Amino acid sequence: MSAERRESHGYDELRGEGWTRLLAAARRRLERTGGALDGDIGLTAPGEAERRTVIGITGRYRPETVKRLAVPLRDLDGYLYDRYGTGLLTTLGRLHGPLHDRPAERADEQARREQALTSAHSSRLAGQGWFAAWLERIAADGTLTRLVRRGDAPLLDAAVRVLERLADDGERIPGPAVGALPLPVLAEWATGDTKALVPGTPLEQLVLRALARRTGDNAAVPRDRAGRRALWESAGAIADDLASQVLVLNIGAEGDTVVCDWLRDAADFGIPFRLTLHQLASDPVVPAARTVFVCENPAVLRAAAGELQDTAAALVCTEGVPSAACHKLLGDAVRAGARLHWRADFDWAGLRITAGAVARHDARPWRMTAADYTAALGEGESTPLAGPPAASPWDPGLALAMEASGSAVMEERLLAALLSDLTRT
């Protein structure tokens, strides 16, 4: 029999009922203290085998009625050395593998946390409030600790590189530029892996949390795919240039391309048409209309197509938060000399969308006044306003009226007036 097998056989006693809990308690204590053989370990409600084991280790009798047994670690260490020729630390290591040095591990973990944070704080974005708040939050809620323990701390540096690339000095209006950056390209640039920013990856979660923080102090990352795509697009990145679309009616187009031909044909028959960002980027489109109306809900565009057909004015539907494709089309229209008339639902999100359009595209609010809201409010039941309030800088009284009533009004309530505006003269 080999020495190793003789040694393993010699430890068989220590695997018995009288030793299992005692050695487990010793291991926990030593790992917690970094291997210090100071103090006692205890067993509550000991069994008969455990009582006899402790008597053998300490040389002191313990009655059968004892409720707790205390064993000095040094007594246990000496007993094992005398009996097996190996002290407590070596014996535990041979029985169940090397002990962890928890204090050293915690110190190393803390050092790696601090190193990751120090590197992140060296970013040129460190002076911006949203960036500092993002770092503070991921350090406080356990996110950074989990990254460090998994060996993923470098992802924080990668997230910072992504944010720096998107920030564009933090000065441009939020929203994708004409040459918005596809996520696979951004991921490959930051990490060397084109899939590092696909939905659900740790890096995607880190960056989206920062982008949400940038949009508002308490903003959360959207749970739905459309909301997350909109968050990427608000920073100038494109999750999918085919999924980013815009719904139009009677836009027409100037140019000699396939997409321009499609738009002209659709306008001739008053047929709604969808454009993708891929089409807009690869086949330049200059909208022919010089007055473009913008609504939020497809029901408005559907009604215009059904009732007015090719006589309806040019209309674009954002279908909620404007997509990158929507911004691209409308930005091109404005640069070609078009004037935008923009509206959205009378809710807080609608005010934010409209305010963003005014700032980004110099759009004119369309039936988005306090008087329009009050008139629509009286036409039927409404739903309660939800979410954080927003301002209406083009008509401050609108936000005040909405806050006073606490009610949201969808733009379909104004459908008759909107269709009247869209009737070409």
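**Looking at the pattern of salt bridges**
Part 1 of the reasoning: Scanning all chains against the criterion turns up 23 salt bridges.
Part 2 of the reasoning: Arg 15 is the salt-bridge partner of Asp 12, the closest N and O atoms lying 3.3 Å from each other.
Part 3 of the reasoning: A residue is classified by how much of its surface remains accessible, and Asp 12, at 39% relative accessible area, is partly exposed.
Part 4 of the reasoning: Since its relative accessible area comes to 41%, Arg 15 is described here as partly exposed.
Part 5 of the reasoning: Because the salt bridges share partners, they merge into one network encompassing Arg 27, Glu 31, Arg 102 and Glu 105.

**Quick notes on the nonpolar core**
Part 1 of the reasoning: Grouped together as the largest cluster of nonpolar side chains are 39 residues, with contacts concentrated most on Trp 134, Leu 163, Leu 186, Val 207, Leu 211 and Trp 232.
Part 2 of the reasoning: Counting residues per element, this core draws most heavily on helix H9 (residues 154-167), at 8 residues.
Part 3 of the reasoning: Formed by 33 residues, the second largest nonpolar core is a distinct cluster that contains Ala 303, Leu 308, Cys 317 and Phe 346.

**Here we look at the environment of Glu 188**
Part 1 of the reasoning: Secondary-structure assignment places Glu 188 in helix H10 (residues 183-191).
Part 2 of the reasoning: Exposure remark for Glu 188: the relative accessible area of 42% places this residue in the partly exposed category.

**What about unusual backbone geometry?**
Part 1 of the reasoning: Despite not being glycine, Asn 250 shows a phi value in the positive range, around 60°.
Part 2 of the reasoning: Tracing the sequence through the fold places Asn 250 in the loop between strand S5 (245-249) and helix H13 (258-269).
Part 3 of the reasoning: The phi dihedral of Gln 309 falls on the positive side, at around 50°, and the residue is not glycine.
Part 4 of the reasoning: Looking at the secondary structure, you find Gln 309 in the loop between helix H15 (298-307) and strand S8 (315-317).

**Considering the packing of aromatic side chains**
Given two aromatic rings, their pairing is described by the distance between the two centres and the angle made by the two planes.
Part 1 of the reasoning: According to the stated counting rule, one finds 7 aromatic pairs in the structure shown.
Part 2 of the reasoning: Considering the side-chain rings of Trp 262 and Phe 273, the 6.3 Å spacing of their centres and the 45° angle between planes classify their relative orientation as tilted. Taken together, the residues Trp 262 in helix H13 and Phe 273 in strand S6 (residues 273-276) connect sequence positions 11 residues apart.
Part 3 of the reasoning: A network of ring pairs unites the aromatic residues Trp 130, Phe 131 and Trp 134 as a single cluster.
Part 4 of the reasoning: Looking at Arg 165, its charged tip hangs above the ring of Trp 189, at a distance of 4.8 Å from the centre.
Part 5 of the reasoning: Looking at Arg 343, its charged tip hangs above the ring of Phe 346, at a distance of 5.1 Å from the centre.

**Some thoughts on the packing of H9 against H10**
Part 1 of the reasoning: Axis separation between H9 and H10 bottoms out at 9 Å; the angle between their running directions is 125°. Our classification of the angle between H9 and H10 gives oblique. In the crossing of H9 with H10, the sense of the turn from one axis to the other is right-handed. Where H9 abuts H10, its residues Ala 158, Arg 161, Val 162, Arg 165 and Leu 166 lie against Leu 186, Trp 189, Ala 190 and Thr 191.
Part 2 of the reasoning: Within the contact of H9 with H10, the residues separate by chemical class into 6 nonpolar, 1 polar and 2 charged.

**Overview of the side chain of Asp 332**
Part 1 of the reasoning: Among the structural elements, Asp 332 can be located in helix H16 (residues 324-335).
Part 2 of the reasoning: A distance of 2.7 Å separates the side chain of Asp 332 from the side chain of Arg 335, its partner in a polar contact.

**Observations concerning the pairing of strand S9 (residues 339-342)**
Regular strands have side chains that alternate between both faces of the sheet.
Part 1 of the reasoning: With 4 bridges connecting them, strand S7 (residues 291-295) and S9 associate as parallel partners. Along S9, the bridge assignment pairs Thr 291 with Arg 339.
Part 2 of the reasoning: Of the pairings in the sheet, the one linking S9 to strand S10 (residues 364-365) comprises 2 bridges and is parallel in character. Across the sheet, the residue bridging to His 341 is Arg 364, located in S10.
Part 3 of the reasoning: Between the parallel elements S9 and S10, the chain passes through helix H17 (residues 348-361) in a crossover that is right-handed.

**What to know about H16**
Part 1 of the reasoning: The first and last C-alpha atoms of H16 sit 16 Å apart over 12 residues, in line with the 16 Å expected at 1.5 Å per residue.
Part 2 of the reasoning: Within H16, 10 of the 12 residues are buried, which leaves the element mostly enclosed by the surrounding structure.
Part 3 of the reasoning: Residues of H16 that are buried: Ala 324, Ala 325, Cys 326, His 327, Lys 328, Leu 329, Leu 330, Gly 331, Asp 332 and Ala 333.
Part 4 of the reasoning: Once H16 finishes, Gly 337 follows within two positions and takes phi at roughly 105°, a positive value.

**Some remarks on the sheet that holds S5**
Part 1 of the reasoning: As summarised here, the arrangement of the 6 strands in space is S6-S5-S8-S7-S9-S10, forming an open sheet in which the pairing is mixed. Strand pairing shows two members of the sheet lacking a second neighbour, S6 and S10, which therefore form its edges.
Part 2 of the reasoning: Bridge count between S5 and S8: 3 bridges; the pairing is antiparallel. Bridge pairing links Val 248 to Val 316 in S8.
Part 3 of the reasoning: In the packing of H16 onto the sheet, the strands contacted are S5, S6, S7, S8 and S9, and the crossing angle to S5 comes to about 50°.

The rules behind these values
Residues numbered from 1 in each chain as written. Predicted model: local features only at pLDDT ≥ 70, side-chain atom pairs only at ≥ 80, totals over all residues. Heavy atoms only, no water. Salt bridge = Lys/Arg side-chain N within 4 Å of Asp/Glu carboxyl O. Buried < 20%, exposed > 50% of the residue type's maximum accessible area, 1.4 Å probe, protein only. Core = buried A, V, L, I, M, F, W, Y, C linked by side-chain atoms within 4.5 Å. Helix = DSSP H or I, 4+ residues; strand = E, 2+ residues; numbered from the N terminus. Phe/Tyr/Trp six-rings, centres within 6.5 Å; stacked < 30°, edge-to-face > 60°. Lys NZ or Arg CZ within 6 Å of the ring centre and 35° of its normal. Axes fitted to C-alpha atoms, helices over the stretch in contact; angles between N-to-C directions. Parallel < 35°, antiparallel > 145°, perpendicular 65-115°, else oblique. Left-handed = near helix turned anticlockwise from the far one by under 90°. Contact = heavy atoms within 4.5 Å. Nonpolar A, V, L, I, M, F, W, Y, C, P; charged D, E, K, R; others polar. Polar contact = N/O pair within 3.5 Å; in protein donor to acceptor, adjacent residues only side chain to side chain. Pairing = 2+ DSSP bridges. Right-handed = clockwise from strand over helix to strand, strands pointing away. Expected span 1.5 Å × (residues − 1).

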